[in-house]
Structures are given as C-alpha cells and as structure tokens.
Amino acid sequence: MHRGRSTELIVTSEGVTVKELRSEIEIQAPAEKVWRVLTDFASFPQWNPFIRRVSGDVRAGEQLDIYVQPSGASGFGFKPTVLKVEPNRELRWLGQLWIRGLFDGEHVFLIEPLEEKRVRFTQSEVFNGVLVPLMARSLDTNTRRGFDEMNQALKTRVENTA
C-alpha cells in the first residue's frame, strides 16, 4: 500500500504561509527493523534516493548535516536540529533556510505498528515562512517525488535484508 497527499498553501491568521507534504507506505517488518535502517545514516548513500547523506547523532538537541537531492532535481545541504527521538516510533527535526521564518521545515518520520511484523511508515513535513509560496511548485513535484521514492526504497531495503 502506498499513499501520499499534499495540502494546499494555507495562510494563517498571523499571515504565515504553511504547506504540508505527507507520504505513507506499509512495510512488512517489525518497527525495530524499520527504525534500525532509518537511523543507520552511514548506509543512506547505498539505498536512499532522496536523502543522500546524513551525519550526526540521533539525539534530541543535536544538529545533523544533511544533503538531499530528489531524482531529476538539484540537491542542497542543510543543518537541522533534532527535535524528538522516540526509538522504533518517531524521528523529528527542524531545518531552516538562512534565518528563522524565511523557509522552515519540520520533518517527521513516524513508524506506526499495525501488526507484529507490519508497520505504516509516514514521512511528512510542514513548511512555513515567507518563501513557501515561491517554493510550492517544487515542493509538490520534486520534494513529493523524493518522499515517495525514499519510502519505497526504505520498504525495499527493510523487506529484503535479513
């Protein structure tokens, strides 16, 4: 099962533009195995077609160094701060472009057990800031494709490794 959705641009009462992307996939494996692959940053270059490189510690408050490149698009690096780590369940970080409020993204990986050896993996990001309207088309195409391709690659990696 593979599902994805994207919200429209929303302007809040405070005048902030917000956009959310979300992509879900079911993986036939226990949550612990999905978590192990998701947090093994050193192996990302071998299998991840979207988040090509990550370095840093999986701990709240730590800063990661990430390079993303959706297929068919230009790549870029950024240094988000890890907001939440709940092993086998959730990893969340906040990235910013230059200064806060310009183009911020809170990225979430969520692992939801459905059965003993089946989970729903959700990758989502809420973007906000003054540049969101200018980036909306790229988010709906390149970033959405990156989420979907990474989710499928994660499923393949987890289900095909011992």
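As shown above, the structure is provided for reference.
Quick look at the structure, then.

Thresholds applied
- Residues numbered from 1 in each chain as written.
- Predicted model: local features only at pLDDT ≥ 70, side-chain atom pairs only at ≥ 80, totals over all residues.
- Heavy atoms only, no water.
- Helix = DSSP H or I, 4+ residues; strand = E, 2+ residues; numbered from the N terminus.
- Buried < 20%, exposed > 50% of the residue type's maximum accessible area, 1.4 Å probe, protein only.
- Polar contact = N/O pair within 3.5 Å; in protein donor to acceptor, adjacent residues only side chain to side chain.
- Pairing = 2+ DSSP bridges.
- Axes fitted to C-alpha atoms, helices over the stretch in contact; angles between N-to-C directions.
- Expected span 1.5 Å × (residues − 1).
- Bend = angle between axes of the 7 residues up to and from the residue.
- Left-handed = near helix turned anticlockwise from the far one by under 90°.
- Contact = heavy atoms within 4.5 Å.
- Nonpolar A, V, L, I, M, F, W, Y, C, P; charged D, E, K, R; others polar.
- Salt bridge = Lys/Arg side-chain N within 4 Å of Asp/Glu carboxyl O.

## Let's talk about the side chain of Ser23
Logical step 1: Turning to its location among the elements, Ser23 is positioned in strand S3 (residues 17-27).
Logical step 2: Classification of Ser23 as buried rests on a relative accessible area of 0%.
Logical step 3: A polar atom in the side chain of Ser23 sits 2.5 Å from the side chain of Asp148.

## Quick notes on the sheet that holds strand S4 (residues 51-55)
Either a parallel or an antiparallel arrangement is found when strands of a sheet pair, and the pairing is made through backbone hydrogen bonds.
Logical step 1: Judged by pairing direction, the sheet is antiparallel, and its three strands sit side by side in the order S4-S5-S6 without closing on themselves. Strand pairing shows two members of the sheet lacking a second neighbour, S4 and strand S6 (76-78), which therefore form its edges. Across this sheet, the average inter-strand angle for adjacent strands is 15 degrees, counted without regard to direction.

## Regarding helix H3 (residues 132-159)
Logical step 1: The end-to-end C-alpha separation of H3 is 36 Å, well short of the 40 Å expected for 28 residues at 1.5 Å each.
Logical step 2: Helix geometry: H3 is bent most strongly at Leu139, by close to 50 degrees.

## Examining helix H1 (residues 31-38)
Every α-helix carries 3.6 residues per turn, so stepping three or four residues along brings you back to the same face.
Logical step 1: Here H1 lies mainly inside the structure; six of its eight residues are buried.
Logical step 2: Here H1 has its buried residues at Ala31, Lys33, Val34, Trp35, Val37 and Leu38.

## Describing the packing of H1 against H3
Logical step 1: Running from N to C, H1 and H3 cross one another at 115 degrees; their axes reach a closest spacing of 10 Å. When you trace H1 past H3, the crossing you get is right-handed. Two secondary-structure elements touch here, H1 through Lys33, Val34, Val37 and Leu38 and H3 through Met150, Leu154, Arg157 and Val158.
Logical step 2: Classifying every residue of the contact of H1 with H3 by side-chain character gives six nonpolar, no polar and two charged.

## Some points on the pattern of salt bridges
Logical step 1: Summed over all chains, the structure comprises 14 salt bridges.
Logical step 2: Among the salt bridges present, the one from Glu24 reaches Arg22, with a minimum N-O distance of 3.7 Å.
Logical step 3: Under the relative-accessibility criterion, Glu24 is labelled buried at 14%.
Logical step 4: The salt bridge partner of Glu62 is Arg59, with a shortest N-O separation of 3.3 Å.
Logical step 5: For Glu62, a relative accessible area of 27% gives the class partly exposed.

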